Amino acid sequence: MKDYGTENPGGTGPTGQGATGKARDFSNAAPHQMPQNPHPSGQRPKSPIRRSQSGGGGGNDSRFHKRLGPNDFSKGLELGLQAIRQNILLVMVFTCATNLLILAIPLYLFQISDRVLTSRSMDTLVMLTTLIVGAVLLQAVLDAVRRFILMRTAVEIAAQLGNPILSAAARASLHSNGREYQTLGDLQQLRSFLVSGTLLSFLDIPFTPFFLLAIYLVHPHLGLIVMATALVLFVIALINQKITSRSFAEANQHQSRANLHLDSMSRNSQIINALAMIPEAVSIWGQDTARSLKSQVKAQDRNIITASCSRAVRLLTQIGMLGWGASLAINGEITGGMVIAASIIAGRALAPVEGAIEGWNHFLLSRAAYGRIATLLRSSPLNRDRLILPHPEGRLDVERLLFVPPGTKRVVLNGLSFTLSPGDSLAIIGNSGAGKTTLGKMLVGSVLPTSGAVRLDLMDLRNWDQRQLGSNVGYLPQDVQLFPGTIKQNIARMREDATDEQIHTAAVLADVHEMIASFPEGYETMVAADGTPLSGGQKQRIALARAFFGEPRLVVLDEPNSNLDAAGDMALARALTHAKSHDMTVVVVTQKPSLLGSVDKIMLMADGNIAMFGQRQQVLAQLEQRRRSTPAPAPQSNQNLQNPNLNGPAPA
Ligand SMILES: Nc1ncnc2c1ncn2[C@@H]1O[C@H](COP(=O)(O)OP(=O)(O)OP(=O)(O)O)[C@@H](O)[C@H]1O
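Residues numbered from 1 in each chain as written. Predicted model: local features only at pLDDT ≥ 70, side-chain atom pairs only at ≥ 80, totals over all residues.

## Comments concerning the overall build of the chain
The number of helices and strands found in the chain is 20 helices and twelve strands. For the chain, buried positions account for 38% of its 652 residues. (Helix = DSSP H or I, 4+ residues; strand = E, 2+ residues; numbered from the N terminus. Buried ≥ 20, exposed ≤ 12 C-beta atoms within 10 Å, placed from the backbone.)

## Details of the UniProt feature "transmembrane region" (unreviewed entry) in the chain
Here the UniProt-annotated "transmembrane region" (unreviewed entry) positions come out as residues 88–112, 124–142, 193–216 and 222–239. Across residues 193–216, the secondary structure splits into 79% helix and 0% strand, with the terminal C-alpha atoms separated by 34 Å. (UniProt positions renumbered as here; feature names shortened; annotations may be inferred.)

## What about the environment of Met265?
Residue position: Met265 is located in helix α8 (residues 220–267). If we ignore the near neighbours within four places in the chain, the residues touching Met265 are Ile272, Ala281 and Trp285. (Contact = placed C-beta atoms within 7 Å.)

## Quick notes on helix α6 (residues 197–204)
Extensive coverage of α6 is indicated by the burial of six of its eight residues. All buried positions along α6 are accounted for by Thr198, Leu199, Leu200, Ser201, Leu203 and Asp204. At its buried positions, α6 is contacted by α2 (73–102), α4 (122–172), α5 (183–194), α11 (336–358) and α12 (360–379).

## Structural notes on the sheet that holds strand β11 (residues 601–606)
With mixed pairing, the six strands of this open sheet are ordered in space as β6-β9-β10-β3-β11-β12. Here the strands that pair on one side only, and so sit at the sheet edges, are β6 (473–476) and β12 (609–615). Taken over all neighbouring pairs, the strand axes of this sheet differ in orientation by 15 degrees on average, direction set aside. Across the face of the sheet, helix α13 (residues 436–443) comes into contact with β3 (425–430), β9 (554–558), β10 (585–589) and β11 while running at roughly 155 degrees to β10. (Pairing = 2+ DSSP bridges. Axes fitted to C-alpha atoms, helices over the stretch in contact; angles between N-to-C directions.)

## Let's talk about the sheet that holds strand β1 (residues 396–403)
Think of a sheet as strands paired side by side through backbone hydrogen bonds, with each pair either parallel or antiparallel. The four strands lie next to each other as β2-β1-β4-β5, forming an open sheet whose pairing is antiparallel. Two strands close off the open sheet at either side, each with one partner strand: β2 (413–420) and β5 (459–460). With five bridges joining them, β1 and strand β4 (residues 451–456) adopt antiparallel strand pairing. What sits directly across from Leu396, in β4, is Leu456. Lying on the sheet, α13 is in contact with β1, β2 and β4; it crosses β1 at an angle near 125 degrees.

## Description of the environment of His261
Here His261 shows up in helix α8. Between the C-alpha atoms of His261 and Gly286, which are 25 residues apart in sequence, the distance is 9.9 Å. With residues up to four places along the chain from it excluded, the contact list for His261 reads Ile284, Trp285 and Asp288.

## Observations concerning the pairing of β12
Sheet topology note: the β11/β12 ladder contains six bridges and is antiparallel. When the bridges of β12 are listed, Ala606 appears paired with Asn609. Adjacent in sequence and paired antiparallel, β11 and β12 are bridged by two residues, among which Asp607 carries a positive phi angle near 50 degrees.

## A closer look at the confidence of the model for the chain
Of the residues in the chain, 85% have a pLDDT of 70 or more, and the chain-wide mean is 81. Within the model, pLDDT remains below 50 along residues 1–65, and this stretch shows 148 contacts once partners closer than five positions in the same chain are excluded. This model gives residues 634–652 a pLDDT under 50, and the stretch forms 31 contacts once residues within four places in sequence are excluded. For this predicted complex, the interface score ipTM comes out at 0.96, while the overall pTM is 0.65. (pLDDT = per-residue confidence, 0-100.)

## Considerations on helix α16 (residues 500–509)
An α-helical segment advances 3.6 residues per turn. Residues three or four places apart therefore align on the same side. For α16, a buried count of nine out of ten residues is recorded, marking the element as mostly surrounded by other parts of the structure. When we look at burial in α16, the residues that qualify are Asp500, Glu501, Gln502, Ile503, His504, Thr505, Ala506, Ala507 and Leu509. Downstream of α16 by one or two residues, Asp511 has phi in the positive range, about 60 degrees.

## Concerning the pairing of β10
The buried count for β10 comes to five of five residues, which makes it a mostly enclosed element. Covered by surrounding structure in β10 are Thr585, Val587 and Val589 together with Val586 and Val588, the residues of both alternating faces. Pairing between β3 and β10: four bridges, direction parallel. Residue Ser425 lies in a different strand from β10, and its bridge partner there is Val586. In this fold, the crossover linking β9 to β10 by way of helix α19 (residues 566–581) has right-handed handedness. (Right-handed = clockwise from strand over helix to strand, strands pointing away.)

## Examining the environment of Gly550
Tracing the backbone shows Gly550 in the loop between α18 (536–548) and β9. Overall, Gly550 belongs to the buried group, with 29 C-beta atoms counted inside 10 Å. Sequence separation between Gly550 and Val473 is 77 residues; the distance between their C-alpha atoms is 8.9 Å.

## A look at unusual backbone geometry
Look at the link from Thr532 to Pro533: it is a cis peptide, with omega at 10 degrees. Summarising the element assignment, Pro533 is placed in the loop between β8 (526–527) and α18.

## Observations concerning the packing of α5 against α12
One can describe the packing of α5 onto α12 by two numbers: an axis separation of 8 Å at closest approach and a directional angle of 135 degrees. With respect to α12, the axis of α5 lies oblique. When you trace α5 past α12, the crossing you get is left-handed. Touching Thr183, Asp186, Leu187, Gln189, Leu190 and Phe193 of α5 are His362, Phe363, Leu365, Ser366, Ala369, Tyr370, Arg372, Ile373 and Leu376, all from α12. (Parallel < 35°, antiparallel > 145°, perpendicular 65-115°, else oblique. Left-handed = near helix turned anticlockwise from the far one by under 90°.)

As structure tokens, then:
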């Protein structure tokens with residue numbers, strides 16, 4: 001498959017090579033060549049040379065659109081499972097050897113009591129003791145080896161599945177409140193099971209029948225006693241599962257909710273402190289944690305009771321075997337040494353059953369964790385490899401876009417349709433709650449429509465390769481969040497392969513280079529997770545540069561001037577002019593009229609519908625006409641677009 005993005009490799013070097021603020025000669029960059037024109041009208045960008053000066057969306061940097069390799073997460077999962085299976089098979093070989101060696105001690109006791117003590121042979125005693133010491137040491141080594149293997153398997157699984165799980169969770173969180181991120185915790189659960197004693201008990205269980213057979217061979221009565229006990233322990237295990245699984249599941253559910261709340265607390269710590277909400281926040285977390293603990297106590301109580309029952313049954317069995325064995329010995333059917341040996345073997349045979357009962361909850365939790373991991377990885381839309389398309393030009397088609405949030409009956413967007421040509425700029429205005437932000441999110445693919453489609457250069461956003469789409473799209477959300485790192489890294493969307501040239505171009509496009517140059521550390525200024533030391537307006541402007549990074553073909557700005565002063569407003573207007581001259585298609589959601597002068601078209605939204613749509617002058621005239629024909633109940637500020645008159649019936 002041809003990767004159109006690999007043509008004309010450009011770029012000047014990795015980020016962080018000190019280009020910030022310096023005058024640079026970018027003229028060496030090769031012009032971008034389009035292998036084919038995806039636009040049906042055959043329209044070409046008006047300023048290809050300017051676009052080609054930086055990499056990215058319309059640029060020439062081969063790395064920007066490089067395919068990262070197929071994201072077949074289910075294959076990754078299969079590989080992980082295969083690694084587990086292979087290692088477990090190897091561990092089974094060692095388990096087999098350790099279980100055989102376990103027989104050494106009872107055999108030694110049997111030989112001592114029945115041979116050495118009767119023959120009084122020192123030589124036999126020394127020889128047997130030497131053998132048993134060797135067997136015990138070998139068993140210890142083999143046991144350590146199987147634990148080493150399991151530990152490394154757990155590490156391998158974490159290394160193999162960590163990235164895919166986080167990628168798939170990040171993608172899946174589009175449809176939820178981010179609970180998929182907790183699947184990383186599931187990976188931790190799986191890891192802990194792989195190194196647990198419970199797994200070793202499970203691995204030892206297949207050898208129980210051999211021990212039972214050995215006891216049976218000593219004397220059928222003793223064998224039957226142990227078999228009956230194994231059956232009782234099995235029944236206890238079933239009862240244990242029945243009476244604990246529900247409570248453990250409840251405990252888990254509450255714990256997940258508490259974790260989500262904790263996460264939201266950490267993100268909102270400033271507001272929690274400012275509004276003195278600590279007691280309330282802690283109490284919400286405490287309620288979920290308390291419910292989780294309550295369910296856990298209930299389940300653990302039952303687990304402890306069943307585990308104690310099984311331990312008592314095992315000990316009583318050993319006592320019973322000694323007693324019944326002694327009576328058999330009195331009758332001369334077996335020797336004293338055989339009784340002791342059989343009792344020890346019985347202990348070894350039943351120990352894994354008991355271990356499995358005790359660790360049953362651990363097993364259930366791990367099985368559920370694996371189920372969630374497998375579902376997340378197998379169902380991820382990232383699994384499907386998409387064709388890498390030619391760089392888009394920025395034609396946007398919105399077709400009968402309907403959005404009814406899952407679980408609600410509310411129609412937020414009601415069958416919207418409109419088209420923008422490459423280089424068009426559109427302002428979306430309308431009252432609060434009209435659906436502007438939701439539409440903006442759909443235009444960049446961060447919310448998926450219930451029905452209808454958003455197409456970039458005729459291709460449905462859902463069918464674009466995610467990475468390619470992301471690099472051709474710029475988005476400035478209403479609630480700006482920066483990543484902890486330098487300004488440079490934030491503008492470059494944390495990409496390690498971003499060039500200084502790309503970062504500088506984005507800053508110039510967004511008209512923030514001057515502002516960044518005024519910081520003592522310029523582009524290397526460190527920004528904390530909460531945006532410190534930047535002001536709200538500065539954060540918004542850095543995020544604007546991030547939206548322009550890579551010269552995307554489609555830029556959606558959601559209230560980009562909500563925190564800007566007059567100078568920031570002017571810089572934003574200049575940024576929109578730059579975008580226009582670079583043929584970017586720009587959509588601006590705004591509540592302020594100051595930006596309307598910088599756009600070609602205006603859309604008025606009302607209750608999820610398009611109330612007006614057209615060329616700027618035409619829509620402004622219609623709005624003015626409507627304002628005049630409707631008597632205003634109170635004086636309206638001409639600086640406020642939230643005019644109730646705008647919300648009338650749709651004349652579209
Ligand atoms: N996932 C969702 N679940 C439920 N309701 C939703 C969801 N997304 C949006 N809404 C509702 O849709 C309506 C439109 O929201 P949206 O944020 O798009 O409005 P807006 O026009 O951008 O408003 P503002 O100008 O105040 O930002 C709101 O009433 C909101 O509650």
